[in-house]
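Understanding the architecture of this molecule
One-letter residues, chain by chain:
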Amino acid sequence: MNQSALSFDLQHIWHPYSSLSEPVPPLHVSHAEGVRLTLQNGDELIDAMASWWSAIHGYNHPVLNKAAKNQLDKMSHVMFGGLTHNPAIDLCRQLVALTPDELTKVFLSDSGSVAVDVAMKMALQYWYSIGVKSKTRFVALRGGYHGDTLGSMSVCDPDTGMHHLFSGMLTQQLFVDRPACQFGELASDADMAALEQTLAEHHQSIAAVIFEPIVQGAGGMYFYSADYLRRARALCDQYNVLLILDEIATGFARSGEFFACEHAAICPDIMCIGKAMTGGYLSLAATITTDKIATGICEGEAGVFMHGPTFMANPLACAIANASIGLLSQSDWRTNIQRIEAQLSKNLLPINDHPKVANARVLGAIGVIETKSAVDMHKVQKLLPDLGVWLRPFGKLIYTMPPYIMSESDLDKVCDAMIAVTEQCT
Ligand SMILES: *Cc1c(COP(=O)(O)O)cnc(C)c1O
């Protein structure tokens, strides 16, 4: 490893949620191909993380490379104010077709957190525009994660998001406990009680409920009942509150349906997508809403929706997203996700009996080992090159959401590495 490069990194460069006083030395990647990351020293790691849910087709994919190169020769970017282009039109056409029928109006933005802020703004501007000015707060589930900007952060879990650090700045939202009912179970009246009470008491001040449907990702890798989601949709209607579904992690087949809300056969008023949309190539996200919300906003005081990022609808990102969604749609993704789910279940669920394991669970192409004590990240980082697998546990969670192209033998190695980390690093 080039020592001066690494020492510069340690002294000068922030990594996600990292310390510059006691940095955990990062692994130095030189290139990536298929499901493998190659380090500067030549070590190869099987990527169990798909670069945080996004690289679903693997790295250096010929079809995505070609889409990028073709678009690069035409234009990599033009502003979206007053201008339009085929990459954006083609992408939005696909998104309107793939998302539930009522979602017809697409707002493209740079990243997931921004897409959530945009969704919150849409909800606020909708109620203001139709003359209901009291509806300004949001309800979220504890254990949720929706992003790192101040708006999206205000609806993240208040404890793990350390809201007290930012109390002067963050809007105080309403939180309800995440449902105890598991995926595959029905939700009882008791399961719905917390949400129902909050809505009954505060609906006049609530603009929207925001959930990650079925899978809570970075807030705890937790899977919950589709019936809960279905009944939550009904409660939102009953109390005249909008439903925002954050499908940034779950979108594009990760949970076994193309969008996780399809497990519950419901449609949100506003949906956020991102992460896997460009196959992990570039940052791009979308916030999609209904005719009703769009009309409400556009016929109100401002007459326009008040948002417009500089790099909105970046053509390069849109062209790659088109190619990535095309690859997925043309594949038998359902059977493939079921293949991954079956193998993760076979390899990981038996470890539920292990003395260091609190719970092991699998849904779609997501496999999780929740340990009894926290994972030592310094130890993990040292062990991974020997295991030949890239994992990035947090807290008590050792998990994988592999690229969908991962072979059976590589997935076996990923599961073995997760078990080794459980045994040696907790
Ligand atoms: C990752 C994530 C976000 C934030 O997306 P960024 O692109 O990192 O800003 C929001 N919501 C969910 C559910 C996510 O998993």
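Figured I'd write up the structure that's included with this text.

Reading the values: rules and limits
- Each chain carries its own residue numbering, running from 1 in the direction its sequence is written.
- Restriction of local features to residues with pLDDT of at least 70 applies here, the model being predicted, together with a cutoff of 80 or more for giving and counting side-chain atom pairs; totals for whole chains, interfaces and linings are based on all residues.
- Calculated side-chain values reflect all of the structure's heavy atoms, with hydrogen atoms and water omitted.
- Residues are labelled near a given molecule or strand when at least one of their non-hydrogen atoms is within 4 Å of it.
- Residues adjacent in sequence count toward polar contacts only when both atoms are side-chain atoms; beyond that, a polar contact is any pair of N or O atoms within 3.5 Å, and within protein one must be able to donate a hydrogen and the other to accept it.
- A 1.4 Å probe and the Shrake-Rupley method give the accessible areas. Residues count as covered only by the protein chains that appear here.
- Ten residues, namely Ala, Val, Leu, Ile, Met, Phe, Trp, Tyr, Cys and Pro, are considered nonpolar, four, namely Asp, Glu, Lys and Arg, are considered charged, and the remaining ones, Gly among them, are considered polar.
- Only protein chains enter the accessibility calculation, which uses a 1.4 Å probe. A residue is then buried if its area is under 20% of the maximum for its type, exposed if over 50%, and partly exposed in between.
- A helix here means a DSSP run of H or I that spans at least four residues, while a strand means a run of E at least two residues long, and both kinds are numbered starting from the N terminus.
- The arc in question is the one spanned by the directions pointing from the helix axis to the C-beta atoms.
- We call two residues contacting when some pair of their heavy atoms lies within 4.5 Å.
- Each cavity reported here is a set of points on a 1 Å grid over the protein atoms alone in which a 1.4 Å probe fits but cannot get out, each pocket an open set with protein on both sides within 12 Å along at least five of seven lines, and each lining residue one with an atom within 4 Å of a point.
- Grid points are joined across faces, edges and corners, and a volume is the space filled by probe spheres set on the points.
- Every case where a carboxyl oxygen of Asp or Glu lies within 4 Å of a side-chain nitrogen of Lys or Arg is listed as a salt bridge.
- By this definition, two strands are paired if DSSP reports at least two bridges between them.
- Every axis corresponds to a line fitted to the C-alpha atoms, with the helix fit spanning only the stretch in contact, and the corresponding angles, defined between N-to-C directions, vary from 0 to 180 degrees.
- Put simply, two rings from Phe, Tyr or Trp (the six-membered ring, in Trp's case) pair if the centres are within 6.5 Å, and we call them stacked under 30 degrees between planes, edge-to-face over 60, tilted for the rest.
- Throughout this description, any angle smaller than 35 degrees is read as roughly parallel, any larger than 145 degrees as roughly antiparallel, any in the 65 to 115 degree range as roughly perpendicular, and the remainder as oblique.
- For any pair of crossing helices, the crossing counts as left-handed if the nearer helix is rotated counterclockwise from the farther one by less than a right angle, and right-handed if it is rotated clockwise.

With respect to the site of the ligand
Neighbouring residues of the ligand: Ser-111, Gly-112, Ser-113, Tyr-145, His-146, Gly-147, Glu-212, Asp-246, Ile-248, Ala-249 and Lys-275. With respect to the ligand, the backbone of Gly-112 contributes an N or O atom lying 2.9 Å from an oxygen atom. In this structure, Lys-275 approaches the ligand through a side-chain N or O atom, which is 2.5 Å from an oxygen atom. Summarising the interface, the protein chains cover 83% of the accessible area of the ligand, which totals 380 Å² for the free molecule. When grouped by side-chain class, the residues that make up the shell around the ligand number three nonpolar, five polar and three charged.

What about helix 9 (residues 291-298)?
All of the buried residues along helix 9 are Ile-293, Ala-294, Gly-296 and Ile-297. Looking down the long axis of helix 9, one finds its buried residues gathered within 160° of arc, a one-sided arrangement. On its buried side, helix 9 packs onto strand 4 (103-109), helix 5 (112-129), strand 10 (242-246) and strand 12 (285-290).

Thoughts on the layout of surface pockets
Taken as a whole, the second largest pocket encloses approximately 260 Å³ of empty space. Taken together, 13 residues line the second largest pocket, and the ones lying closest to its centre are Lys-105, Val-106, Phe-107, Met-122 and Phe-305. Among the elements that take part in the lining of the second largest pocket, strand 4 stands out by supplying four residues, more than any other. Within the lining of the second largest pocket, the residues separate by chemical class into 11 nonpolar, one polar and one charged.

Some points on the pattern of salt bridges
Enumeration over the complete set of coordinates arrives at 12 salt bridges. Among the salt bridges present, the one from Arg-36 reaches Glu-44, with a minimum N-O distance of 3.4 Å. Exposure remark for Arg-36: the relative accessible area of 25% places this residue in the partly exposed category. On the basis of relative accessible area, Glu-44 is assigned to the partly exposed category, the value being 46%.

As for the environment of Val-78
Along the polypeptide, Val-78 turns up in the loop between helix 3 (62-74) and helix 4 (86-98). The sequence separation of Val-78 and Met-312 amounts to 234 residues, and the corresponding C-alpha distance is 9.0 Å. With near-sequence residues (within four places) excluded, Val-78 lies in contact with Leu-83, His-85 and Pro-315.

A short note on empty space enclosed by the protein
Under the counting rule described, the total for this entry stands at one cavity of 30 Å³ or more. Reported here for the largest cavity is a volume of approximately 30 Å³. Of the residues assigned to the lining of the largest cavity, the class counts are three nonpolar, three polar and one charged.

Regarding the sheet that holds strand 7 (residues 206-211)
An order of 4-12-11-10-7-5-6 is seen for the seven strands of this open sheet, with the pairing classed as mixed. Either end of the sheet is taken by a strand with one partner, and the two such strands are strand 4 and strand 6 (174-176). Looking at each pair of strands side by side, their axes are set apart by 20° on average, direction ignored. Bridge analysis of strand 11 (residues 270-273) against strand 12 gives four bridges, and the strand direction is antiparallel. Looking at strand 12, one finds that Ile-270 is bridged to Thr-289. Seen against the sheet, helix 7 (residues 189-202) touches strand 5 (137-141), strand 6 and strand 7 and runs at an angle of roughly 165° to strand 7.

Observations concerning the packing of aromatic side chains
The geometry of two aromatic rings is summed up by the distance between their centres and the angle between their planes. Counted under the stated rule, the structure contains nine aromatic pairs. Between Phe-258 and Phe-259, the aromatic rings sit 5.3 Å apart at their centres with planes inclined by 75°, giving edge-to-face as the arrangement. Among the residues examined, Phe-258 registers a relative accessible area of 5% and is labelled buried. The class for Phe-259 is buried, based on a relative accessible area of 0%. Taken together, a centroid distance of 5.5 Å and an interplanar angle of 80° make the contact between Phe-394 and Tyr-399 edge-to-face.

A look at the packing of helix 3 against helix 10 (residues 315-330)
Any two packed helices are characterised by how steeply their axes cross, that is the angle between the axes, and by the distance between the axes. In contact at an axis separation of 9 Å, helix 3 and helix 10 are set at 150° when each is read in the N-to-C sense. Comparing their axes, helix 10 and helix 3 come out roughly antiparallel. When the axes of helix 3 and helix 10 are compared, the crossing they make is right-handed. Only Pro-315, Leu-316, Ala-319, Ile-320, Ala-323, Ser-324 and Leu-327 of helix 10 make contact with helix 3, whose side of the interface consists of Val-63, Leu-64, Ala-67, Ala-68, Gln-71 and Leu-72. Its residues placed into classes, the contact of helix 3 with helix 10 shows 11 nonpolar, two polar and no charged.

A closer look at the pairing of strand 14 (residues 366-371)
Within strand 14, five of the six residues are buried, which leaves it mostly tucked inside the rest of the structure. Adjacent in sequence and paired antiparallel, strand 13 (residues 357-363) and strand 14 are bridged by two residues, among which Gly-364 carries a positive phi angle near 55°. Note that strand 14 and strand 16 (residues 397-400) share four bridges and pair antiparallel. Across the sheet, the residue bridging to Glu-370 is Leu-397, located in strand 16.

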